[in-house]
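Summary of the model geometry
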Amino acid sequence: MSKPTIPALDRAWHIQVLVICALALAAAPLLQVQGTQKVSLRGWAAAELPPLCGSQVMFGISCPGCGLTRSWVSLAHGDVSRSLMHHRLGWLLMALAMLQIPYRLHALVTGRPLLPDRLATGIGFTLVAALIINWVVGLWLAWPDLPN
């Protein structure tokens, strides 16, 4: 009996997600948050990362992911309250990124993912919906003329 294999395109996807999550998680402790907006290399404040949000740069409006880098960096340094200040869902996305590593390794080694495609897709859509809802709530709370 032969071992089931992942199609080449799916295998490449699992590798890409694995590498991106591993790099993002490895980079977080190597960075530091400067003030409330800037991120730089840890111990080298002059080495600032460029702004990562095109929406913020072009339109001055945050996007659903604004603050995630700062949230992850704060979490990597053990500062949960500051992490939540930067993005209310940063902890959840970091946890999901951590889970991606064993999940993707399992898929690559065994030739099949742990979760059925429909469930994995549902989790992804739920996460996107949570990010959008969080963003809308943040915009509403920041709007000067609306009651909070």
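Here we summarise the structure given alongside this text. Being a predicted model, the structure only gives us computed values, none of them experimental.

1. Thoughts on the overall build of the protein chain
Tallying secondary structure elements over the protein chain gives 6 helices and 3 strands in all. Counting from the amino terminus, helix and strand elements in the protein chain follow one another as α-β-β-β-α-α-α-α-α. On the principal axes, the C-alpha backbone points of the protein chain span a range of 65 × 40 × 30 Å. The buried share of the protein chain, taken over its 148 residues, is 27%. Taking the intrachain contacts of the protein chain between residues at least 6 apart in sequence as the baseline, contacts between residues at least 24 apart amount to 49%. Carbon together with sulfur atoms contributes 71% to the accessible area of the protein chain, which is approximately 9,900 Å² in total. In the protein chain, which carries 10 positive and 5 negative side-chain charges, the distance between the mean positions of the two groups comes to 9 Å.

2. Thoughts on the nonpolar core
Membership of the largest hydrophobic core comes to 13 residues, with the highest contact counts inside it found for L25, W72, L93, M94 and A97. At the level of secondary structure, the elements contributing two or more residues to this core comprise α1 (8–27), α3 (68–76), α5 (90–110) and α6 (117–142). Not counting the four nearest positions on each side in its chain, L93 is found in contact with L68, W72, L127 and L131.

3. Describing the packing of α5 against α6
Packing of α5 against α6 leaves a shortest axis separation of 12 Å and a crossing angle of 160°. The orientation of α5 with respect to α6, classified from their angle, is roughly antiparallel. In this structure, α5 meets α6 at a crossing whose hand is left-handed. On α6, the residues that touch L92, L93, L96 and Y103 of α5 are A120, L127 and L131. Taken together, the residues of the contact of α5 with α6 break down into 7 nonpolar, no polar and no charged.

Cut-offs applied
- Residues numbered from 1 in each chain as written.
- Predicted model: local features only at pLDDT ≥ 70, side-chain atom pairs only at ≥ 80, totals over all residues.
- Heavy atoms only, no water.
- Helix = DSSP H or I, 4+ residues; strand = E, 2+ residues; numbered from the N terminus.
- Buried < 20%, exposed > 50% of the residue type's maximum accessible area, 1.4 Å probe, protein only.
- Contact = heavy atoms within 4.5 Å.
- Areas by Shrake-Rupley, 256 points an atom, 1.4 Å probe, with all protein chains shown as cover.
- Lys, Arg positive; Asp, Glu negative; His and termini not counted.
- Charge placed at Lys NZ, Arg CZ, Asp CG, Glu CD.
- Core = buried A, V, L, I, M, F, W, Y, C linked by side-chain atoms within 4.5 Å.
- Axes fitted to C-alpha atoms, helices over the stretch in contact; angles between N-to-C directions.
- Parallel < 35°, antiparallel > 145°, perpendicular 65-115°, else oblique.
- Left-handed = near helix turned anticlockwise from the far one by under 90°.
- Nonpolar A, V, L, I, M, F, W, Y, C, P; charged D, E, K, R; others polar.

Limitation: the analysis is restricted to geometry and does not speak to function.
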